[in-house]
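# Residue-level structural notes
Below, each chain spelled out in residue letters.
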Amino acid sequence: MQHIQKLFKRRMFWLVSSILLLVLLAACGAGAAGGNSSATSAVGRADNGSAQMASAPQSSSNSAYTKAKAANQQEKSANLVGPQYLIKSLKVSMQVTDTRKVADDLQNWITLTDTHATSAGMDYQQIGSNLYNVTMTFSVQASIYPKIQQYLGTYPAQHGGQLLGMTETVQDVTSTYVDTQSRLKNLRVEQARLQELMSQAKNLTDLLTVEQRLSDVEGQIESTQAQLNTLTNQVMFYPITISLQSVYTPPTPPPPPGWSAGQVFKDALSASLAFGQGLASFLIWLLAFSVYIIPVVVIIWLVRRFRLQARFAARPKMPPFASFVPTTPPVSRQQDADSPTIPDANPEKSEAASNAHH
């Protein structure tokens, strides 16, 4: 571009010089004043024309350069941005009449829409008679995720339900993904270089050193590859959790009944039967454990009896009952004389007792 400008300026210079020379030659036959004025005007017009002709190509060249520079910068920025790697998850909560039917419909639609979708399980929680709350989790492809998200957002209104909530979580892992790819690429280059060095090793020390380093690099490659596989799976498949809540109206409790003699008798009979059952259960338990209780009771009774016999045996022996004769205090003669004499009914016994006393 500069070479063209220089060539153009050179040609313009020769053109202007030729015009000036012709003007000077024409002015020689005219008057001095008129010649001078005409020459001056011609020179001014020539200078203005040359300036305009020189400025036009320069402005056009500047505009072309600016456009090229802008296009180059845009291309560089596009190369720097590259693809974007996102991890998304969606949680949808809706209220429907028949949760089990809706769960089957959603599962069939998702599996037909995304043939690579996988189910992480379904959870049924009973809340009433033939009423269940259902929770489902799916993993769908990232390319089909927007379609499934839109369908789930409009499903409750189209099927007589209510959308309770929809929460989407987005995580940008572009830098992590690119760094992992770069690290894996560098490790593979280093692995190839170490393999080449190991093939060229001339002594055992170098061979062992290179082999140790190669083992470390291969371990890092496996770890980095596993991390990259995990990130790839997360950016290619998004989890979706769907919670289906049943429209449940708790029944109205009946009013408390009034006093009733029949109900009181029924309650008393129930309490009596319960007491009888408890007593019968106790006796059955007692009978079952009697094989342990009876021997213990017999042993205790024998021990107590042995102790009583030993206690009676340790007491001193007493004389027979016949040898005990109550002693009567001596009676004065006067009292004997005054008191009437009572004949003894058994004189032999009285005499024996008297002899024993003496």
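In the block above lies the structure referred to throughout.
Let us look at the structure shown here. Quantities reported herein were computed from a predicted structural model and do not represent experimental measurements. (Residues numbered from 1 in each chain as written. Predicted model: local features only at pLDDT ≥ 70, side-chain atom pairs only at ≥ 80, totals over all residues. Heavy atoms only, no water.)

## What to know about the overall build of the chain
Across its full length, the chain carries 10 helices and 5 strands. Out of the 358 residues in the chain, the part that is buried amounts to 16%. Within the chain, contacts between residues at least 6 apart in sequence are counted, and of these 76% link residues at least 24 apart. Taken as a whole, the chain presents about 27,300 Å² of accessible surface, with 60% of it coming from carbon and sulfur. (Helix = DSSP H or I, 4+ residues; strand = E, 2+ residues; numbered from the N terminus. Buried < 20%, exposed > 50% of the residue type's maximum accessible area, 1.4 Å probe, protein only. Contact = heavy atoms within 4.5 Å. Areas by Shrake-Rupley, 256 points an atom, 1.4 Å probe, with all protein chains shown as cover.)

## What to know about the nonpolar core
The biggest cluster of nonpolar side chains holds 22 residues, and the ones touching the most others in it are L106, M136, V140, L152, I240, I242 and L244. Of all the elements in the fold, those that place two or more residues in this core are β1 (86–96), α3 (99–113), β3 (131–141), α4 (145–158) and β5 (237–246). Other than its neighbours up to four places away in sequence, I242 contacts V92, L106, I110, V134, T135, M136, F138 and L152. (Core = buried A, V, L, I, M, F, W, Y, C linked by side-chain atoms within 4.5 Å.)

## Quick word on the side chain of S93
As for its position among the elements, S93 is in strand β1. What makes S93 buried here is its relative accessible area of 18%. Not counting the four nearest positions on each side in its chain, S93 is found in contact with L163, L164, G165, S243 and Q245.

## Quick notes on the pairing of β3
The side chains of a regular strand alternate between both faces of the sheet. In this structure, strand β2 (residues 118–128) lies alongside β3, joined through 9 bridges in antiparallel fashion. Residue pairing for β3: Q126 is matched across the bridge by Y132. Counted between consecutive antiparallel strands, the loop separating β2 from β3 contains 2 residues, among which N130 sits at a positive phi close to 60°. Pairing of β3 with β5 involves 8 bridges; the strand directions are antiparallel. (Pairing = 2+ DSSP bridges.)

## Things to note about a positive patch on the surface
Positive charge collects at one region of the surface, where R304, R307, R311 and R315 lie side by side. Topologically, R307 is positioned in helix α8 (residues 290–314). R307 sits in the exposed class, given a relative accessible area of 60%. (Patch = residues over 30% accessible without salt bridge, like charges linked within 9 Å, V, L, I, M, F, W, Y side chains within 5 Å. Salt bridge = Lys/Arg side-chain N within 4 Å of Asp/Glu carboxyl O. Lys, Arg positive; Asp, Glu negative; His and termini not counted. Charge placed at Lys NZ, Arg CZ, Asp CG, Glu CD.)

## So, the environment of G121
Structurally, G121 is set in strand β2. With 16 residues separating them along the chain, G121 and T137 place their C-alpha atoms 6.1 Å apart. Every residue in contact with G121, bar those within four places of it in the chain, is listed here: T135, M136 and T137.

## Description of the packing of aromatic side chains
Tallied over the full model, the rule gives 7 aromatic pairs. Ring geometry for Y85 against Y177: centres 4.0 Å apart, planes inclined by 25°, an arrangement best described as stacked. Taken together, the residues span a long stretch of sequence, with Y85 in the loop between α2 (32–81) and β1 and Y177 in helix α5 (residues 174–200) at a distance of 92 residues. In this pair, the class of Y85 matches that of Y177, namely buried. For the pair W285 and F289, a centre-to-centre distance of 5.9 Å together with 10° between the ring planes defines the contact as stacked. Overall, the relative accessible area of 40% leaves F289 in the partly exposed class. Aromatic ring contacts, followed pair by pair, group W109, Y151 and Y155 into a single cluster. (Phe/Tyr/Trp six-rings, centres within 6.5 Å; stacked < 30°, edge-to-face > 60°.)

## A look at the pattern of salt bridges
Scanning the entire structure with this criterion turns up 2 salt bridges. In this structure, the salt-bridge partner of K101 is D105, at a minimum N-O distance of 3.2 Å. Of the two residues, K101 and D105 both sit in helix α3, 4 residues apart, roughly one turn of that helix. We note a salt bridge from E190 to R213, for which the minimum N-O separation is 2.7 Å. Within this pair, whereas E190 is found in helix α5, its partner R213 is found in helix α6 (residues 204–236), the two being separated by 23 residues in sequence.

## Examining a nonpolar patch on the surface
Residues F275, L279, F282, L283, I284, W285, L286, F289, V291, Y292, I293 and V297 make up a contiguous nonpolar surface patch of roughly 1,300 Å² in combined accessible area. Broken down by secondary-structure element, the contributors of at least two residues to the nonpolar patch are α7 (261–288) and α8. Of all the elements, α7 adds the most residues to the nonpolar patch, at 7 residues. For I293, the position within the fold is in helix α8. Under the relative-accessibility criterion, I293 is labelled partly exposed at 35%.

## With respect to the sheet that holds strand β4 (residues 162–172)
The sheet built from 5 strands is open, its strands ordered β2-β3-β5-β1-β4 with mixed pairing. Every interior strand has two partners, whereas the edge strands, β2 and β4, have only one. Averaged over neighbouring strand pairs, the angle between their axes works out to 10° when direction is ignored. The sheet contacts of α3 involve β1, β2, β3 and β5, and relative to β3 the element is tilted by about 10°. (Axes fitted to C-alpha atoms, helices over the stretch in contact; angles between N-to-C directions.)

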